[in-house]
Structures are given as C-alpha cells and as structure tokens.
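# Examining the three-dimensional arrangement
In case you want the letters, here they are:
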Amino acid sequence: MVEGPLGEGLEARFELHRGDEFRLELDLAIPPGRTVALLGPNGAGKSTAVAAIAGLLQIESGRIGLAGVTLDDPGAGINLPPESRKVGVVFQDYLLFPHLTVAENVAFGLRSRGMSRSNSLARAADWLTRLDLAGLEKRKPALLSGGQAQRVALARALVTEPDLLLLDEPLSALDVTTRSEMRRVLDRHLKEFPGPRLVITHDPVEAFLLADEVHIIEKGVVTQWGTPDEIRLRPRTPYAADLAGSNLLFGRATAGLAQVGSHHIHLAEHGIDGDVLLTIRPSAISLHRRPPEGSPRNMWETTIELIEDLGERTRVRTGAPLPLTAEVTAEASTALGLAEGESVWLAIKATEIGVEPGDGRTSSS
Amino acid sequence: MGFIALTTERREAERARRPPVLLVVLGVLGLAVFAVPFIGLLSRVPWTDLPELLSSDLVTDALRLSMVTSLTATLVAVLIGVPLAWILARLEFPGRSLVRGLVTLPLVLPPVVGGAALLFALGRRGLIGEPLNQATGLLLPFSTSGVVLANTFVAMPFLVITVEGALRNLDRRYEGAASSLGAGQWTVLRRITLPMIGPSLVAGLVLTWARALGEFGATITFAGNLQGRTQTLPLAVFVALESDRDVAVALSLVMVVVSLAVLVALRERWWKAL
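Cut-offs applied
Residues numbered from 1 in each chain as written. Chains lettered and ligands numbered in written order. Predicted model: local features only at pLDDT ≥ 70, side-chain atom pairs only at ≥ 80, totals over all residues. Heavy atoms only, no water. Helix = DSSP H or I, 4+ residues; strand = E, 2+ residues; numbered from the N terminus. Buried < 20%, exposed > 50% of the residue type's maximum accessible area, 1.4 Å probe, protein only. Contact = heavy atoms within 4.5 Å. Areas by Shrake-Rupley, 256 points an atom, 1.4 Å probe, with all protein chains shown as cover. Lys, Arg positive; Asp, Glu negative; His and termini not counted. Charge placed at Lys NZ, Arg CZ, Asp CG, Glu CD. Pairing = 2+ DSSP bridges. Axes fitted to C-alpha atoms, helices over the stretch in contact; angles between N-to-C directions. Buried area = accessible area lost by both parts, 1.4 Å probe. Salt bridge = Lys/Arg side-chain N within 4 Å of Asp/Glu carboxyl O. Nonpolar A, V, L, I, M, F, W, Y, C, P; charged D, E, K, R; others polar. Phe/Tyr/Trp six-rings, centres within 6.5 Å; stacked < 30°, edge-to-face > 60°. Lys NZ or Arg CZ within 6 Å of the ring centre and 35° of its normal. Domains from an automatic or database assignment. Expected span 1.5 Å × (residues − 1). Arc of directions from axis to C-beta. Bend = angle between axes of the 7 residues up to and from the residue. Polar contact = N/O pair within 3.5 Å; in protein donor to acceptor, adjacent residues only side chain to side chain.

Before going further, it helps to spend a moment on the overall build of chain B. Scanning chain B from N- to C-terminus turns up 14 helices and zero strands. Traced from its N-terminal end to its C-terminal end, chain B shows the element sequence α-α-α-α-α-α-α-α-α-α-α-α-α-α. Counting only C-alpha atoms, chain B reaches 80 × 60 × 30 Å along its principal axes. Across the 274 residues of chain B, 38% fall into the buried class. At a minimum sequence separation of 6, the contacts of chain B that also span at least 24 residues come to 74%. For chain B, the computed accessible surface area is about 15700 Å², with 69% contributed by carbon and sulfur atoms. Looking at charge distribution, chain B has the averaged site of its 23 positive side-chain charges lying 10 Å from that of its 17 negative ones.

In structure tokens form, the structure reads like this:
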C-alpha cells in the first residue's frame, strides 16, 4: 500500500512487467490544467503506460490515483475496472467503432453510463458542433478523413467529462499535410480541458509543442523530464541528445524572418507569421574556418562548446548567439581542425529550415 | 490523365486476353456436378399434381416439423454455441486443443455414429438418459426434442468454428476502447463484440441452419421416423422414395426451393464473411 493523500490531478507511480523482457516503471504527477508528454521511441513502453492508466493492464506495484480517487493500489487490493475510471482516451488509430455512426460513437460513453438514447445523441451532437463536425452525425467512421476521425475520437473521449485526458499518438495516423493543422486544433482543445492531460508520442515536435512538461521514456524507464527547453538545452541521454540534436527552436516569425531569442533567422517560408517552431537538421548546418562564400543567408561566427565523436560523424555544439548542434563528417572535422573553445563560422540555408506554426511559447534561448 | 489512360488500356488488354481453355472446361465440369442432379430432379417433377401432393399431410407435417426443429436447433446453437466459441477464443485453459477437436468431431463423424452416441448417452437406458427419465419422466429419443438435439449436435460445429475464428480476428483494442468509455463486459459484448463479428455470426447461423435442415443420419438413429413427431423432410423423402416417387420429388423440390431462397437472400447482404 502506498501512503500519503492523493492530489487533485493524476498521480501515477507504478511498475509492471510484460513477459520476462519488458519492465515499465513510471512516476508521473500531473496537476489539473497541465499537459505532460511521454516521449519515447517505439517499444519504449508508452502504450503499456496508456493501458495501465486506462485500467486495461494491471500494475504490479505502486499506485495510480486520479482526482482524489485511487484507481490502482495492488498493495491494498484496489484495481478499478476500466469502465469505472473517469479517463478519456484518444487511442492510437482512434479505434472508432466501425459499425456505429459518428454520433453513435460519440454517444457511446454516455449510453454506457446509463443516459437515454435521445439525450446522449443530443449531447453528442453538441460536441460534434464544438469540434466542427456538424453534418457528419450519420456518417460511418470508414468514410471520414484522418483529421475528422481524430476529432471524432476527441469528442468521444471528452463527452463523458473525464477527469483525465489521455492521448496515445494522437497525430501519427495523419498524413504530414494535415498534421500541423490538426496539432493546432488539438492544442486548442487540450487547453480547454480543465483536468490533467497526458500525451503519448514518439514525435519530439508534437511533444515540445503540445506539452508543458516532457518525460522521456526509454526501455520502460523515464530517463529525463523537464520543460521542453530544459530537455533541449541539457539532454542527459543519447536519445534525448538526438532529440535535442535536431535543433528545435521556438521563435516568432514575421514575413520570412524569425526572431529566436535576440537572434534573427531567415526562412524560405514566408507564409507563416507569429509563433513558430523551427527545426534544423544537424547535417544541414555547415561549419567553416572563414566567412563562407555563396548564398547561405544565415551565417554567423560562434564558438565551439562541445565536440562529440560519433565515429564517421562528429557532432559539434556551438555557443552564443544561438546554441545549435551541427553534424559534420569526421573527415571534414579533421580538415577544419575543429577544437573546443575555438571560433568558427556557421551557415544554414534558409530552405533547410523547417517551420511549424507554434502556440504562444517563447524560448529562453 | 496518363494514369487513367494506362489503367483503361490495361483493363482492355485483360479483357481481350482469352482465359485458359482447360481452366474453363474443368470449372464448367465442376458446375455440372451441382447442376445436373437438380436438372434431373426438376425433370421428374409432376407439375400438374404438385399442388395436391404438397398439401398432403405427409408433406405439410414434414415441412412444419423440419422448420420448427431446424430453427430451434439454430437458436439453441446460438445460445450455447456462441459462448462456447467465446471460451475457445478467449480463455486459456489446459486441453483447449482437445476441446476444439471435440467440437469439430461431428463435422467428420458419420451422422449415424453421432446418433448412436446420443442414444447411448441419452437413450432410455443411456448413461444420462436413464436417471433423467427416472427423475423427470423426460424421454428424448423418438421425440421432437430428440430431433432438435440431433440437429444441434450435427450442426452447431459450423457456428462455433465460424464465430471462434471471427472472435480471434477481432481487434481487441476496440473492446478496450469501449470499456474505457464506461461499458461493462456485457455491454461491450452486446454493443461492440457481437455487432463487429456480425457478418461471421450470420454466416455461421446460415450454415448451421442449412446443416440442421438437411440432417438425416443422427435424426433417424436417435429420434426415429414418426410422422408429425420426428419425421423431418429428409426422412420423409427417404420413406417416399420407397413408396411414392412423386411425393419424394415434391418434397425434394420444397427443400431445394426453401434452401436456395434463404441462401440467395442472405448471400447478398450478409454472407461475405465466408
């Protein structure tokens, strides 16, 4: 039995095994109104965590509590069945019931909890309108677009007014073109949800943009947690470093020019104004001993803070004015004679910078 | 546009290509195996006497009894066969493959042997039949209930196999999604599991009913051949072949028409799962 009173939000501290190989150990506390992302590679145990919190898998030790109610406490013999938990889940692939219409899918949770057919359908219709899905009530899920299916799944999870919103890879079933738009829609509805929110994802962009706090999970264990910036600037594991290495920068864009901290970066994309998330692949950054000739519009002089030998490639962390991670071939590194503490010229082509519309978050860097 | 043009061209090319002659000949031969007997039957139908033949007591009794027993057997199969399929698909227990073999045994066993086994178990002097008879006065052999039991024994495997396969193929995450939305286990079964395996369930029902309707060996062995009580259509056909060929033909025609009507009607809508 785990001692101590339960807080208002989600408190999940537990351990479970699957087979002999896999062990999951989680320690999460999410207050109401806060979004936490569980970020990790495939097979890290993310979906197992969803199943455990939703009650579809039994934990072996620890405790899961939500809004003051103990959901699981094996020591005290408590294991609430999934239907008794107030957890709204948007499942990976959405899992809309194929034989029910959109309205029946959304009404399902209300019907299951004893509401009459007509009342539950009316409530479902309200939620469909809120999510811009009016007119699709009678449609079968097979005939929905990916973005529509995602919103139906969200409506289905929200209609029962759960105490926790749990999203398992909410955007991975979407194609790239609709993903960033759907991410903004999702972000808006996440912020409207009053309880704690947990987003499970393997996509750092998704985690960094949607969450207030990111927990990195590898092989069933959380290896690092913190705000997106803390993880980006001080990665503590190779996986986190890889994520950080992909150079995610928050900034504000105006007419093709993005301000990141006090620094300006030229973009090839002129159509997006306002808060943005810039992504720059480390291999898209070139390093030079002298000011480079040619067309790169983004170049500046900086100092080398850290050099990591990755075998055939070398990873270089640069310092002020804008900390970035570059990757060059070991050959180039030797030819340039790169060394920590030395000054170097850095260049990035505007076309190599990915731009995602962001959501009111400003970077500390 | 280029893509559309290409696919149209390809389709025309496929159409223009002649199918292999041997394949067509063998296929038509296969069709003949089904068609010729029915043509033979139709050629012997006494069309003018048909209304009179069909309204005879022998025919109406047999038709009514066949419908009642085959449909009751199908209902019984749903009530106990679907739960059995669920157990086989969902529960892990020692000897499961043995149980699965037992369930399919009636498919390969000669129905006469099945009838004999039923007699040894549930007959007047049978293992369970004797105490059952002494306790309740119930006697299954040579009763309409005995026909239903024989039908169920022979036909239920079709339902169990079809439904078990469908339950195994069902993505169980949907059931998890339903329970996370507050549905208890019965609600999940009623509103998610069964509807999602609906097509297979209906296919299993049709096969079960069809098998029960045609049941002969186990019925005659276990329940006998009493007009109005245990003499179903197949039994009546068998008897009539000895006494009055015209009646036999009329009875056969009834079976063909009823079976074909049901199969065709269901095939369009439901029977895609098979």
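From this point on, the discussion continues.
Here we take up the sheet that holds strand 14 (residues 263-266) of chain A. Residues and elements named next belong to chain A. Pairing within the open sheet is antiparallel, and its five strands lie in the order 14-13-12-15-21. The sheet is open, and its two edges are formed by strand 14 and strand 21 (353-357), each paired on a single side. Going across the sheet, the axis of each strand differs from the next one's by a mean of 40°, ignoring polarity. Here strand 13 (residues 257-260) pairs with strand 14 via four bridges, running antiparallel. Residue pairing in the sheet places Val260 in a bridge with His263 of strand 14.

Once that is clear, we can look at the interface of chain B and chain A. With 18 residues of chain B in contact, the opposing surface of chain A contributes 20 residues. Across the interface of chain B and chain A, roughly 1700 Å² is buried in total on both sides, 66% from carbon and sulfur atoms. Counting the surface chain B buries against chain A, the share from its top three residues, Ser180, Leu181 and Arg191 of chain B, is 40%. Our count for the chain B to chain A interface comes out at one salt bridge. We note a salt bridge from Arg173 of chain B to Asp93 of chain A, for which the minimum N-O separation is 3.4 Å. Of all the secondary-structure elements, those providing two or more residues to the side of chain B that touches chain A are helix 9 (173-180) and helix 10 (185-196) of chain B. Partitioned by chemical class, the residues of the side of chain B that touches chain A number eight nonpolar, seven polar and three charged.

This part is about the environment of Leu110 of chain A. Residues and elements named next belong to chain A. Looking at the element boundaries, Leu110 is found in helix 2 (residues 102-112). Note: C-alpha distance between Leu110 and Ala326 (216 residues apart in sequence) is 52 Å. In contact with Leu110, other than residues within four places in its own chain, are Met115, Ser120, Arg123, Val159 and Thr160.

All told, the structure shown has two aromatic pairs over all chains when counted by the stated rule. Plain terms: the ring middles of Phe97 of chain A and Phe108 of chain A are 4.9 Å apart, the flat faces sit at 55° to each other, and that makes the pair tilted. Taken together, the residues Phe97 of chain A in the loop between strand 7 (87-90) and helix 2 and Phe108 of chain A in helix 2 connect sequence positions eleven residues apart. Judged on exposure class, the residue Phe97 of chain A and its partner Phe108 of chain A are both buried. Geometrically, the ring pair formed by Phe216 of chain B and Phe238 of chain B is edge-to-face, given 5.2 Å between the ring centres and 65° between the ring planes. Of this pair, Phe216 of chain B sits in the loop between helix 11 (198-213) and helix 12 (217-222) while Phe238 of chain B sits in helix 13 (residues 233-243); the two residues are 22 residues apart in sequence, bridging distant segments of the chain. Over the ring of Trp127 of chain A we find Arg130 of chain A; its NZ or CZ atom is 4.0 Å from the centre of that ring. For Arg156 of chain A, the ring lying beneath its charged end belongs to Phe97 of chain A, and the centroid distance is 4.6 Å.

Turning to the domain arrangement of chain B, a few remarks are in order. By the assigned domains, chain B splits into domain 1 (1-43) and domain 2 (50-273). Measuring from the centre of the C-alpha atoms in domain 1 of chain B to the corresponding centre in domain 2 of chain B gives 35 Å.

Residues and elements named next belong to chain A. Here helix 3 (residues 117-130) is 14 residues long and its end C-alpha atoms lie 20 Å apart, about the 20 Å a rise of 1.5 Å per residue gives. Of all the positions in helix 3, only Ser120, Ala124, Trp127 and Leu128 are classed as buried. Mapping the buried residues of helix 3 onto a view down its axis gives an arc of 100°, with all of them on the same face. As for helix 3, its buried residues are in contact with helix 2 and helix 4 (146-158).

For helix 4 (residues 57-90) of chain B, which comprises 34 residues, the first-to-last C-alpha distance of 48 Å matches the rise-based estimate of 50 Å (1.5 Å per residue) to within 8%. At Val78 of chain B, helix 4 of chain B shows its largest bend, some 35°.

All names here are of chain A. Ordered in space as 16-20-17-18-19, the five strands form an open sheet in which the pairing is antiparallel. What marks the edges here is a single partner per strand, and that holds for strand 16 (285-288) and strand 19 (324-329). Here the average twist between neighbouring strands, direction ignored, is 45°.

Residues and elements named next belong to chain A. Taken as a whole, chain A is organised into domain 1 (10-244) and domain 2 (247-357). The straight-line distance from the C-alpha centre of domain 1 to that of domain 2 is 35 Å. Facing 15 residues of domain 1, the contacting portion of domain 2 comprises eleven residues. Taken together, the two surfaces of domain 1 and domain 2 that pack against each other cover about 1100 Å², and 56% of this comes from carbon and sulfur. Linking domain 1 with domain 2 are zero salt bridges, by the criterion used here. Counting the contacts that link domain 1 with domain 2 gives zero residue pairs in polar contact (both at pLDDT 80 or more). Elements with a minimum of two residues in the side of domain 1 that touches domain 2: helix 5 (176-192), helix 6 (204-210), helix 7 (228-233) and helix 8 (238-245). Class assignment for the residues of the side of domain 1 that touches domain 2 results in nine nonpolar, one polar and five charged.

Moving on, we get to the pattern of salt bridges. Residue and element names in this part refer to chain A. Within the structure shown, the criterion is met by 19 salt bridges over all chains. Close ionic contact of Asp72 with Arg85 constitutes a salt bridge, the shortest N to O distance being 2.7 Å. Residue Asp72 is found in strand 5 (residues 69-73), and its partner Arg85 is found in the loop between strand 6 (78-79) and strand 7; the two are separated by 13 residues along the sequence. The exposure class of Arg85 is buried, given its relative accessible area of 0%.

Let's shift gears to the pairing of strand 10 (residues 213-218) of chain A. Residue and element names in this part refer to chain A. Buried residues dominate strand 10, accounting for six of its six residues. Because side chains alternate across strand 10, one face comprises the buried residues Glu213, His215 and Ile217, and the other comprises Val214, Ile216 and Glu218, equally buried. Relative to strand 10, strand 3 (residues 35-39) runs parallel, the two sharing four bridges. Paired with Leu38 across the bridge in strand 10 is His215. Where strand 10 folds back onto strand 11 (residues 221-226) in an antiparallel hairpin, the turn is made up of two residues, including Lys219, whose phi is positive at roughly 50°.

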